[in-house]
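Fold and contact review
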Amino acid sequence: MSEPLRIGVLGAARISGASLIGPARATGHRVVAVAARDRSRAEAYAAEHGVERVAGSYTELIADPEVEVVYNPLANGLHGPWNLAALAAGKHVLSEKPSASNAEEAAEVREAAAKAGTVFMEAFHYLFHPVTRRLHEVLASGEIGELRHVEAMVAIQAPADTDPRWSLPLAGGAVMDLGCYSLHALRMLAPWAGGAPRLVSARGGQRAEAPGVDEWLDADLAFPGGATGSARCHMAYDGLEMSCRIIGSRGEVLAPNFVLPHRDDRVVVRTGDGERTERLGTRSSYTYQLEAFAERVRGGAPLPLDADDAVATMTLIDAAYRAAGFEPRPRVS
């Protein structure tokens, strides 16, 4: 193995245990520092997860010469500002999605990444798992024929009313937290669809207790080659659904949980010849992602995600918001 990455974590978010700490431990990378708004929280987090030390602030962590990679799992509205700060400090950045509050800010992050010359990636971890790779392989093989339609649905039960995902000032909303996956999954089918999809229409519902914040949103898209798509999300659903179904002229392929494939690693292929279920393994998609990111940082290996991709996704998110009668998310003031 090449030299381990030296990673600093912004915030003491619960997600980091699964999305970074566990994968770093599994792949031999070092989590050298963590910072939180409350130092006692950072100290408890470091003790729980074996982080080497606590930084006094986000700014101190970013300035730490030993930290070469900054992982940013903060609330959505804090992705853009701290991505910009980390890139300005010359760090590599692995940012939770979405990379910014809106497309304008995402473009600034792209410019900062280009200026820094470091690796910037939005953490669409699902793309690195064999489940999603298999969806693409089945489509590319011609087994289900030409692409006709794709449906992606990402839905969870409602977080608490106090959760930052319901906060407009912190760039919350169903599309920001969940629909970004649906839209991104459709965008990734461009090679087999004649190009990237365009938004046709969108409908959404507002969270009653959170004016301007979407509780759910359905977007209809069209590809240049004639295929259509449906990208849906719901943040107050009656269960959990994270499915992607690709329909071709001769059959279809389904991933029941493409976002969290370690919970359900099935890929189901249905054609005129019958149905089969493939199992692709429950190793974490976050672990595959960290491996790919490290290979890029250490050896220059190509990545399917970069700052250009992040801008394209954010542009589509903004368009979906406008079409459904919402405003794009504001930047943190």
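The shown structure was predicted, so the numbers you read here are calculated from the model rather than taken from an experiment. (Residues numbered from 1 in each chain as written. Predicted model: local features only at pLDDT ≥ 70, side-chain atom pairs only at ≥ 80, totals over all residues. Heavy atoms only, no water.)

Description of the nonpolar core
What counts, and what does not: In plain words, nonpolar cores are sets of buried Ala, Val, Leu, Ile, Met, Phe, Trp, Tyr and Cys residues tied together by side-chain atoms within 4.5 Å. Three exposure classes are used, based on accessible area relative to the maximum for each residue type with a 1.4 Å probe and protein chains only: buried under 20%, partly exposed in between, and exposed over 50%. Strands here mean DSSP runs of E at least two residues long; helices mean DSSP runs of H or I at least four residues long; both are numbered from the N terminus. The criterion used for residue contact is that any of the two residues' heavy atoms lie within 4.5 Å.
With 90 residues, the main nonpolar core has Leu 217, Ile 246 and Phe 258 as its most contacted residues. In terms of residue count, the dominant contributor to this core is helix H7 (residues 174-187) (nine residues). Look past the residues within four positions of Leu 217 in its chain and what remains in contact with it is Val 175, Ala 202, Arg 203, Gly 204, Ala 231, Arg 232, Cys 233, Ala 320, Tyr 321 and Ala 324. Ranked by size, the runner-up nonpolar core spans 21 residues in total, among them Val 32, Ala 33, Ala 86 and Val 93.

Some thoughts on the UniProt feature "domain: Gfo/Idh/MocA-like oxidoreductase N-terminal" (unreviewed entry) in the protein
So the rule is basically this: UniProt positions are given in the numbering used here, feature names are shortened, and annotations may be inferred rather than shown by experiment.
UniProt marks residues 5-123 with the feature "domain: Gfo/Idh/MocA-like oxidoreductase N-terminal" (unreviewed entry), using the numbering shown here. From the first C-alpha to the last, residues 5-123 spans 16 Å; its make-up is 45% helix and 20% strand.

A short note on the UniProt feature "domain: GFO/IDH/MocA-like oxidoreductase" (unreviewed entry) in the protein
The positions that UniProt labels "domain: GFO/IDH/MocA-like oxidoreductase" (unreviewed entry) are, in the present scheme, residues 133-252. Taken end to end, residues 133-252 comprises 19% helix and 37% strand; its first and last C-alpha atoms sit 15 Å apart.

So, the state of the cysteines
Heads up, the rule is: In what follows, a disulfide is any cysteine sulfur pair within 2.5 Å.
Here the structure, examined in full by the defined rule, presents zero disulfides. With no disulfide partner, Cys 233 has as its closest neighbouring cysteine sulfur the one in Cys 180, 8.4 Å distant. The buried category is assigned to Cys 233, whose relative accessible area is 2%. Take Cys 244: it sits in no disulfide, and the sulfur closest to it among the cysteines is that of Cys 180, at 14 Å.

Things to note about the packing of helix H4 (residues 79-88) against helix H5 (residues 103-116)
This is how it is decided: Comment: axis = line fitted to C-alpha atoms, over the contacting stretch for helices; angle = value between 0 and 180 degrees taken between N-to-C directions. Here the angle decides the label: under 35 degrees means roughly parallel, over 145 means roughly antiparallel, 65 to 115 means roughly perpendicular, and every other value means oblique.
Contact pair H4 / H5: the axes reach a minimum separation of 9 Å and the direction vectors enclose 10°. In terms of their interaxial angle, H4 and H5 are classed as roughly parallel. Facing H4, whose interface residues are Gly 80, Pro 81, Asn 83, Leu 84 and Leu 87, H5 presents Glu 105, Glu 108, Val 109, Ala 112, Ala 113 and Ala 116.

Some details on the packing of helix H1 (residues 15-27) against helix H8 (residues 285-299)
The following threshold applies: In this scheme the crossing of two helices becomes right-handed for a clockwise turn of the near helix relative to the far one and left-handed for an anticlockwise turn of less than a right angle.
The N-to-C vectors of H1 and H8 enclose an angle of 60°; their axes lie 8 Å apart at closest approach. As summarised for this structure, H1 and H8 are arranged oblique, according to the angle between their axes. Taken as a pair, H1 and H8 cross one another with a handedness that is right-handed. Each of Ile 15, Ala 18, Ser 19, Leu 20, Pro 23, Ala 24, Ala 26 and Thr 27 in H1 lies in contact with H8, whose residues at this interface are Tyr 286, Thr 287, Leu 290 and Glu 291.

Thoughts on the environment of Pro 197
For Pro 197, the position within the fold is in the loop between H7 and strand S8 (198-206). Looking at Pro 197, the relative accessible area reads 11%, which means it is buried. Residues Pro 197 and Gly 225, spaced 28 residues apart in sequence, show a C-alpha to C-alpha distance of 9.4 Å. Once residues lying within four places of it in the same chain are set aside, the contact partners of Pro 197 are Leu 186, Arg 187, Leu 221, Ala 222 and Phe 223.

Considering the sheet that holds strand S9 (residues 214-222)
What counts is decided by this rule: Any two strands with at least two DSSP-identified bridges between them are counted as paired.
Read from one edge to the other, the open sheet built from eight strands follows the order S8-S9-S10-S7-S11-S12-S13-S14, with strand pairing classed as mixed. Each edge of the sheet is formed by a strand with only one pairing partner; in this case those strands are S8 and strand S14 (274-279). Averaged over neighbouring strand pairs, the angle between their axes works out to 10° when direction is ignored. Sheet contacts for helix H6 (residues 130-141): strand S7 (147-155), strand S11 (241-248), strand S12 (251-255), strand S13 (266-271) and S14; angle to S12, the most-contacted strand, approximately 175°. The strands touched by helix H9 (residues 307-323) within the sheet are S8 and S9, with S8 carrying the most contacts at an inclination of about 60°.

Examining the pattern of salt bridges
Worth spelling out the cut-off: One speaks of a salt bridge when a side-chain nitrogen belonging to Lys or Arg is within 4 Å of a carboxyl oxygen belonging to Asp or Glu.
Tallying each qualifying case throughout the model produces 32 salt bridges. The partner of Glu 143 in a salt bridge is Arg 276, with the nearest N and O atoms 2.7 Å apart. Here Glu 143 is found in the loop between H6 and S7, whereas its partner Arg 276 is found in strand S14, with 133 residues between them in sequence. You can call Glu 143 partly exposed: its relative accessible area is 28%.

Section: H6
A turn of α-helix holds 3.6 residues, and therefore any two residues three or four places apart point the same way. Applied cut-off: Multiply 1.5 Å by the residue count of a helix minus one, and that product is the helix's expected span.
The end-to-end C-alpha separation of H6 is 16 Å, in line with the 16 Å expected for 12 residues at 1.5 Å each. Its buried side turned inward, H6 meets S7, S11, S12, S13, S14 and H8. Of the residues one or two after H6, Gly 142 is the one with positive phi, at around 85°.

Section: the environment of His 149
In plain terms, the rule: Any pair of N or O atoms that falls within 3.5 Å is considered a polar contact. Within protein, one atom must be able to donate a hydrogen and the other to accept it, and sequence-neighbouring residues count only if both atoms are side-chain atoms.
Locating His 149 in the fold gives a position in strand S7. Note: C-alpha distance between His 149 and Ser 249 (100 residues apart in sequence) is 9.2 Å. When neighbours within four sequence positions are excluded, His 149 is seen to be in contact with Ala 227, Thr 228, Gly 229, Ser 230, Arg 245, Ile 246 and Ile 247. Within the structure, the side chain of His 149 is placed 3.4 Å from the side chain of Glu 151, a separation counted as a polar contact. In this structure the side chain of His 149 is engaged in a polar contact, spanning 2.7 Å, whose partner is the side chain of Thr 228.

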